[in-house]
Amino acid sequence: MTATFEQDIKPLFRERDRESMKPVFDLWSHDEVVENADAILERLRNGTMPCDGAWPDEQVAIFERWVEAGTPA
Ligand code: HEM
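Residues numbered from 1 in each chain as written. Predicted model: local features only at pLDDT ≥ 70, side-chain atom pairs only at ≥ 80, totals over all residues. Heavy atoms only, no water.

By nearness alone, 16 residues border the ligand, and Ser20, Met21, Arg43, Met49 and Cys51 come closest of all. Contact between the ligand and Arg43: an oxygen atom at 2.6 Å from a side-chain N or O atom of the residue. Elements represented by at least two residues in the shell around the ligand include exactly α2 (15–21) and α4 (37–46). Looking at the shell around the ligand residue by residue, the classes come out as 11 nonpolar, one polar and four charged. (Near = heavy atom within 4 Å. Polar contact = N/O pair within 3.5 Å; in protein donor to acceptor, adjacent residues only side chain to side chain. Helix = DSSP H or I, 4+ residues; strand = E, 2+ residues; numbered from the N terminus. Nonpolar A, V, L, I, M, F, W, Y, C, P; charged D, E, K, R; others polar.)

Structure follows, in structure tokens:
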């Protein structure tokens, strides 16, 4: 099953993530996450975002596969 933004990706971003990142982009907006997907993936991979603790590898892999699948809504 291919991950979709609404069902699988958006729920990975906490309210706190969204609020913190709002001045830069909206993590609950499909379009804005797609526009910033490369930067987001880089930060998730190198563990510098979220600022309060890196995601587990498996969670980063879900985001990565969603990008490779063409970022379905
Ligand atoms: C999964 C959640 C998050 C993702 C994917 C994320 C992603 C990103 C990305 C891609 C940037 C670089 C933006 C740019 O330069 O255009 C960034 C910057 C930033 N984020 Fe987040 N963020 C997340 C959560 C948070 C949280 C929880 C905080 C709370 C402190 C935070 C605070 C910041 C700050 C202060 C910056 C600007 C300074 C810097 O580049 O380190 N972010 N974030």
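On to unusual backbone geometry, then. Pro50 follows Met49 through a cis peptide bond whose omega is -5°. The backbone of Thr71 shows a phi angle near 55°, a positive value even though the residue is not glycine. A relative accessible area of 15% means that Thr71 is categorised as buried. (Buried < 20%, exposed > 50% of the residue type's maximum accessible area, 1.4 Å probe, protein only.)

Taken together, the protein ligands of the iron atom of the ligand are Met21 (SD) and Met49 (SD), with distances of 2.2 Å. Each of the six donor atoms around the iron atom of the ligand contributes to a set of angles spanning 83 to 180°, which defines the coordination as octahedral. Remark: Met49 occurs in the loop between α4 and α5 (57–68) and Met21 occurs in helix α2; sequence separation between them is 28 residues. (Donors = N, O, S within 2.8 Å, 3.2 Å for Na, K, Ca; no water. Tetrahedral: all angles 85-135°; square planar, octahedral: opposite > 155°, others 65-115°.)

Next up on the list: the packing of aromatic side chains. Tallied over the entire structure, the rule returns four aromatic pairs. Both rings, one in Phe13 and one in Trp55, keep their centres 5.7 Å apart while their planes meet at 35°; by these two values the pair is tilted. You can see Phe13 sitting in the loop between α1 (5–9) and α2 and its partner Trp55 sitting in the loop between α4 and α5, a full 42 residues away along the chain. According to the relative accessible area criterion, Phe13 is buried, its value standing at 5%. Here the aromatic rings of Phe13 and Phe63 are separated by 6.3 Å at their centres, their planes lie at 70°, and the arrangement is edge-to-face. Here Phe63 lies in helix α5 and Phe13 lies in the loop between α1 and α2, a separation of 50 residues in the sequence. Exposure class is identical for Phe13 and Phe63. Each is buried. One aromatic cluster in this structure is built from Phe5, Phe13, Trp55, Phe63 and Trp66. (Phe/Tyr/Trp six-rings, centres within 6.5 Å; stacked < 30°, edge-to-face > 60°.)

In short, shape yes, function no, at least from these values alone.
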